[in-house]
Amino acid sequence: KILSDAVQADVERQSALAGQGALDFLSGMRDRVTESVSRAINSPGAALSLAAGELRPKLNDCVTRFLGDVLFYMTQRGTPAAPGPIPRVLMDELVLAQTNKEARGGEPIVLLTHSMGGQIAYDVLTSFLPAARSHTKGDFWCATASQVGFFEEMNMFLASSSSFSKATGKPTPIVGTNLNHWWNVWDRNDIISFTTKGIFASGIDDEEYWSGVSLAAAHGGYLERPSFYRRFADKLR
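The rules we used
- Residues numbered from 1 in each chain as written.
- Predicted model: local features only at pLDDT ≥ 70, side-chain atom pairs only at ≥ 80, totals over all residues.
- Heavy atoms only, no water.
- Helix = DSSP H or I, 4+ residues; strand = E, 2+ residues; numbered from the N terminus.
- Buried < 20%, exposed > 50% of the residue type's maximum accessible area, 1.4 Å probe, protein only.
- Contact = heavy atoms within 4.5 Å.
- Areas by Shrake-Rupley, 256 points an atom, 1.4 Å probe, with all protein chains shown as cover.
- Expected span 1.5 Å × (residues − 1).
- Salt bridge = Lys/Arg side-chain N within 4 Å of Asp/Glu carboxyl O.
- Pairing = 2+ DSSP bridges.
- Right-handed = clockwise from strand over helix to strand, strands pointing away.
- Lys, Arg positive; Asp, Glu negative; His and termini not counted.
- Polar contact = N/O pair within 3.5 Å; in protein donor to acceptor, adjacent residues only side chain to side chain.

> Requested: an account of the overall build of the protein, with residues and values cited.
Per the secondary structure count, the protein includes six helices and six strands. Across the 237 residues that make up the protein, the buried fraction comes to 33%. When contacts within the protein are restricted to residue pairs at least 6 apart in sequence, those whose partners lie at least 24 apart make up 71%. For the protein, the computed accessible surface area is about 14000 Å², with 60% contributed by carbon and sulfur atoms.

Right under this line is the structure:
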């Protein structure tokens, strides 16, 4: 009886230990499965974070250079009556183009801008040239990768008015005194390019262009694609 009781106790003890081991194993498996599922769910985000880490130096360079351009231009552009050195360069070139246009039987003036060039061109066409009473008129303006729509939303142009905004429900009218046709081109993958839809009144040829390049290279991708120039030629025709 004593031996039988001892054997029984040992069996129960071993069974308890075995049960405890099974519970530990199951608990460990649960933790491993949970972590595996979590890693699977979060792996796209982790991969994206790693990719963003690789892109950060290029994006930082692009954004900081852009902000530097914006701040420098805004403090140096002058007034409609006294243009600063940056808008004066474009004004002089457009006046020369107008002279050539008249000498060549009405050859159209075609203006292509990129990024901050769009803001400079907008100020020149809507403020500086009108103030100078210039009869210079751009026949076709293509603004690529510009922030004109964004600047207008913040009333940052010389010609901007708080009377026109999404808040008032009144889009900014298109000033056609010194411009005939405006083609605004932006890329969804270019984080500092903007549409003009809903900001300006109808009349702008606003079009999305997919450059097919990476986030870091998209801001300049337009001007590297032959398809963009083919589209440009179609627009001109």
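Now that the structure is up, let's keep going.
> How would you sum up helix α3 (residues 116-131)? Please name residues and give values.
Residues three or four positions apart in an α-helix share a direction because the helix packs 3.6 residues into each turn. Look at α3: 22 Å from first C-alpha to last across 16 residues, which is about the 22 Å you get at 1.5 Å a residue. Counting buried positions over the 16 residues of α3 gives 13, a clear majority of the element. Of the residues trailing α3, R133 is marked for its positive phi of about 55°.

> Quick rundown of the pattern of salt bridges? Include the residues and the values.
Counting across every chain of the model gives 10 salt bridges. Its salt-bridge partner being D92, residue R88 comes within 3.5 Å of it at the nearest N-O pair. Highlighted residues: R88 and D92, both in helix α2 (residues 85-103), separated by four residues, approximately one helical turn. Overall, the relative accessible area of 35% leaves R88 in the partly exposed class. The exposure class of D92 is partly exposed, given its relative accessible area of 40%. The residue E207 makes a salt bridge to R231 at a minimum N-O spacing of 2.9 Å. With E207 in strand β6 (residues 205-208) and R231 in helix α6 (residues 226-236), the pair connects residues that are 24 residues apart, well separated along the chain.

> Tell me about the pairing of strand β5 (residues 179-186), and name the residues and values.
Among the eight residues of β5, six are classified as buried, and the element is accordingly described as predominantly covered. Pairing geometry for strand β4 (residues 138-144) and β5, over six bridges, is parallel. Each residue of the ladder has a partner; that of T144, found in β5, is V185. Regarding topology, helix α4 (residues 148-153) serves as the crossover connection from β4 to the parallel β5, and that connection is right-handed. Pairing between β5 and β6: four bridges, direction parallel. Bridged to N184 within β6 is D206.

> Explain the side chain of D187 to me, and be specific about the residues and the numbers.
Position of D187 relative to the elements: it lies in the loop between β5 and β6. For the buried D187, which has no salt bridge, the nearest side chain bearing the opposite charge is R188, at an N-O separation of 7.0 Å. Here N189 takes part through its backbone nitrogen, which lies 2.9 Å from a polar atom of the side chain of D187. Apart from the residues lying within four places of it in its own chain, the contact partners of D187 are S193, Y209, W210, S211, A218 and Y222.

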